[in-house]
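# Observations on the three-dimensional arrangement
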Amino acid sequence: MKYLNFKSLLFFFVLLPFVSLGQEEWYKPDASDLLGVDRSKYKTIGSIHDYFENPYLAINSEPKHGLVVYKPLVNMPVAILAKNKAEAQLCLAEYKKTQYSSSIFDYDFRNLTKATLDTADIIKYVGAPVTINEDDDNYVQYHYAGFYLTFIKGTSFSKTYLEDYTRVDATKARLLGLGIAGIAINLSDSDDDYVTGIRFSVFNFSKKKIKYVYATVSAINPVGDLVSKKVATGVGPILAGESASYSFDNLFFSRVAERVKISVLKVLYFDGTSKTLTQQQITQATIDK
């Protein structure tokens with residue numbers, strides 16, 4: 001199965017919801033049987049959103065066999081449109097073989113962020129997260145098995161809405177027992193433009209409970225040279241299989257600090273043992289490359 005190119009894809013997504021169905025029928029996502037849709041009520045392809053009460057479903061085209069309606073980002077089929085059961089099964093087989101390409105992912109994600117999904121929408125849409133990490137600033141992260149979501153916190157006048165979606169590849173990190181994600185510079189909210197910090201998340205892939213996280217943070221100038229180095233201490237506990245997010249302000253006071261990185265990461269476990277990751281291991285442990 002081949003995805004449409006970007007121009008065709010845009011045309012397809014704009015017009016397809018209003019196209020009436022011909023002789024096709026809706027089949028279950030495993031192509032085992034008819035879905036049981038009332039054709040007199042759901043006459044257009046776009047109306048399947050109403051059937052599932054989910055306005056965020058996306059549609060993938062397989063010209064030879066039919067269409068797959070799926071949950072974007074998580075890439076989960078929810079219905080198949082085909083002429084018969086055999087065609088539905090072929091459509092599903094081709095869909096499973098096709099890689100969920102970065103261009104399709106980006107298109108789906110842009111549509112979802114335009115919808116300004118809040119946390120309640122997300123839980124209804126992709127289920128409850130494994131953990132929720134909230135820092136003291138403006139962000140909250142929902143961590144799932146294969147990805148995490150970053151939200152901008154709302155106020156009394158606005159909702160908490162989805163800002164970013166990050167897929168996770170934790171293969172190497174699991175071998176190290178630690179994962180790191182979301183490393184970013186924290187800029188000062190004050191009038192002092194010289195104040196910077198860092199934020200990041202730590203995933204505990206070990207079987208032990210983490211007590212403290214010690215991150216040696218380096219500030220780097222525009223030409224790649226070290227400006228300064230500080231140790232930021234994050235307090236646990238981080239249970240086995242869970243994660244925590246940390247945000248540190250006012251670490252560096254510099255006119256030329258342009259970015260930050262973690263050069264050494266050490267964790268202390270409740271049993272008194274510790275683990276230290278070098279710069280090379282931190283690269284391996286970074287799960288949102």
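These numbers were taken from a predicted model, which means no experiment stands behind them.

## Quick notes on unusual backbone geometry
A cis amide bond links G236 with the next residue in sequence, P237, at an omega value of 0°. In this fold, P237 is placed in strand β12 (residues 226-238). Phi at A31 takes a positive value of approximately 60°, unusual for a residue other than glycine. A relative accessible area of 1% places A31 in the buried class. Backbone geometry places E53, a non-glycine residue, at a positive phi of 55°. Within the secondary structure, E53 is located in the loop between α2 (48-52) and β2 (58-62).

## Focus: the sheet that holds strand β6 (residues 139-143)
Taken in spatial order, the four strands make up an open sheet running β5-β6-β7-β8, and their pairing is antiparallel. Strand pairing shows two members of the sheet lacking a second neighbour, β5 (131-134) and β8 (161-167), which therefore form its edges. Pairwise comparison of adjacent strand axes, ignoring direction, gives a mean angle of 20° for this sheet. For β6 and strand β7 (residues 147-152), the ladder comprises five bridges, and the chain directions are antiparallel. Counterpart to Q141 in the pairing with β7 is T150. Contacts from helix α5 (residues 119-126) reach β6, β7 and β8 within the one sheet, and its direction differs from that of β7 by about 160°.

## With respect to the environment of K159
Structurally, K159 is set in the loop between β7 and β8. K159 sits 43 residues away from T116 along the chain, and the two C-alpha atoms are 8.7 Å apart. Setting aside chain neighbours within four positions, we find K159 in contact with T116, D118, D121, I152 and G154.

## Things to note about the packing of aromatic side chains
Enumeration over the complete set of coordinates arrives at eight aromatic pairs. Judged by centre distance (6.0 Å) and plane angle (45°), the rings of Y70 and Y95 are tilted. Within this pair, whereas Y70 is found in strand β3 (residues 66-71), its partner Y95 is found in helix α3 (residues 85-97), the two being separated by 25 residues in sequence. Y95 carries the same exposure label as Y70, and that label is buried. A network of ring pairs unites the aromatic residues F200, Y246 and F248 as a single cluster. When the ring centre of Y269 is taken as reference, the NZ or CZ atom of K208 above it lies at 4.3 Å. Taking NZ or CZ as reference, K211 lies 5.8 Å from the ring centre of F270, over its face.

## Let's talk about α3
The end-to-end C-alpha distance of α3 is 19 Å, a good match for the 18 Å that 13 residues give at a rise of 1.5 Å each. Among the residues making up α3, those that are buried are A88, C91, L92 and Y95. Angularly, the buried residues of α3 cover 95° about the axis, an arc narrow enough to put them on a single face. Backbone nitrogen of A86 and a side-chain oxygen of the N-cap are separated by 3.2 Å at the start of α3; the cap is N84.

## Observations regarding the nonpolar core
Of all hydrophobic cores here, the largest spans 27 residues; its most connected members are I198, F200, V213, V217, Y246 and L265. In this structure Y246 touches I198, R199, F200, V202, V213, G234, V235, G236 and I238, once residues within four positions along its chain are discounted. Ranked by size, the runner-up nonpolar core spans 16 residues in total, among them F109, Y125, F147 and L149.

## Points about the confidence of the model for the protein
Caution applies to low-pLDDT regions: their predicted coordinates should not be interpreted in detail. Per-chain confidence: the protein averages 78 in pLDDT, with 85% of residues scoring 70 or above. Mean pLDDT across the secondary structure elements of the protein bottoms out at helix α1 (residues 6-15), with 36, and peaks at strand β15 (residues 274-277), with 92. Of the regions scoring below 50 in pLDDT, residues 1-20 engages in 39 contacts with residues more than four places distant in sequence or in other chains.

What counts and what doesn't
Residues numbered from 1 in each chain as written. Predicted model: local features only at pLDDT ≥ 70, side-chain atom pairs only at ≥ 80, totals over all residues. Heavy atoms only, no water. Helix = DSSP H or I, 4+ residues; strand = E, 2+ residues; numbered from the N terminus. Buried < 20%, exposed > 50% of the residue type's maximum accessible area, 1.4 Å probe, protein only. Pairing = 2+ DSSP bridges. Axes fitted to C-alpha atoms, helices over the stretch in contact; angles between N-to-C directions. Contact = heavy atoms within 4.5 Å. Phe/Tyr/Trp six-rings, centres within 6.5 Å; stacked < 30°, edge-to-face > 60°. Lys NZ or Arg CZ within 6 Å of the ring centre and 35° of its normal. Expected span 1.5 Å × (residues − 1). Arc of directions from axis to C-beta. Polar contact = N/O pair within 3.5 Å; in protein donor to acceptor, adjacent residues only side chain to side chain. Core = buried A, V, L, I, M, F, W, Y, C linked by side-chain atoms within 4.5 Å. pLDDT = per-residue confidence, 0-100.

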